[in-house]
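Here are the chains, one letter per residue:
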Amino acid sequence: MGLRFRRRIRLAKGVYVNLSKSGSSLSIGGHGATVNVGKRGVRETVGLPGTGLSYSHTIGAGQHQGQAEGAPVQPRQGGGGRPLLTLLGLVALVIVVVGFVSAFTH
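The structure reproduced in this document is the subject of the present report. These numbers were taken from a predicted model, which means no experiment stands behind them. (Residues numbered from 1 in each chain as written. Predicted model: local features only at pLDDT ≥ 70, side-chain atom pairs only at ≥ 80, totals over all residues. Heavy atoms only, no water.)

### Comments concerning the pairing of strand β3 (residues 23-30)
1) Next: Of the pairings in the sheet, the one linking strand β2 (residues 15-20) to β3 comprises six bridges and is antiparallel in character. The residue bridging S20 from the neighbouring strand is G23, located in β3.
2) Next: Linking β2 to β3, which pair antiparallel, is a turn of two residues.
3) Next: Sheet analysis places β3 next to strand β4 (residues 33-38), joined by six bridges and oriented antiparallel. Its bridge partner being in β4, G30 is matched across the sheet by A33. (Pairing = 2+ DSSP bridges. Helix = DSSP H or I, 4+ residues; strand = E, 2+ residues; numbered from the N terminus.)

As structure tokens, this is what we get:
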């Protein structure tokens, strides 16, 4: 069993810095929708609070597991996967950002 380290620091309502042995990341959002930005790319997560059900999608990935350093990334074929869930994630993100901004303007 290896040693683990993980720490979450709240900067503002819905904004966190996550620290671990492998690096750091920034999370924005709350229950229902979160966007996490780290060295592995941008990950959006949309869920139904209280159910344990969620969907996570990586938007911009850094180095993929198993991919050699400097190897070209093959473009994806087709329509891009799950556009409806990505759209729902973006809508949820906009709602979170609008709520975050309105909290500081009132």
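### As for the environment of R8
1) Next: Looking at the secondary structure, you find R8 in strand β1 (residues 6-12).
2) Next: Residue class for R8 comes out partly exposed when judged on its relative accessible area of 45%.
3) Next: The spatial distance from the C-alpha of R8 to the C-alpha of L19 is 6.3 Å, given a sequence separation of eleven residues.
4) Next: Apart from residues no more than four positions distant in its own chain, R8 is found in contact with Y16, V17 and N18. (Buried < 20%, exposed > 50% of the residue type's maximum accessible area, 1.4 Å probe, protein only. Contact = heavy atoms within 4.5 Å.)

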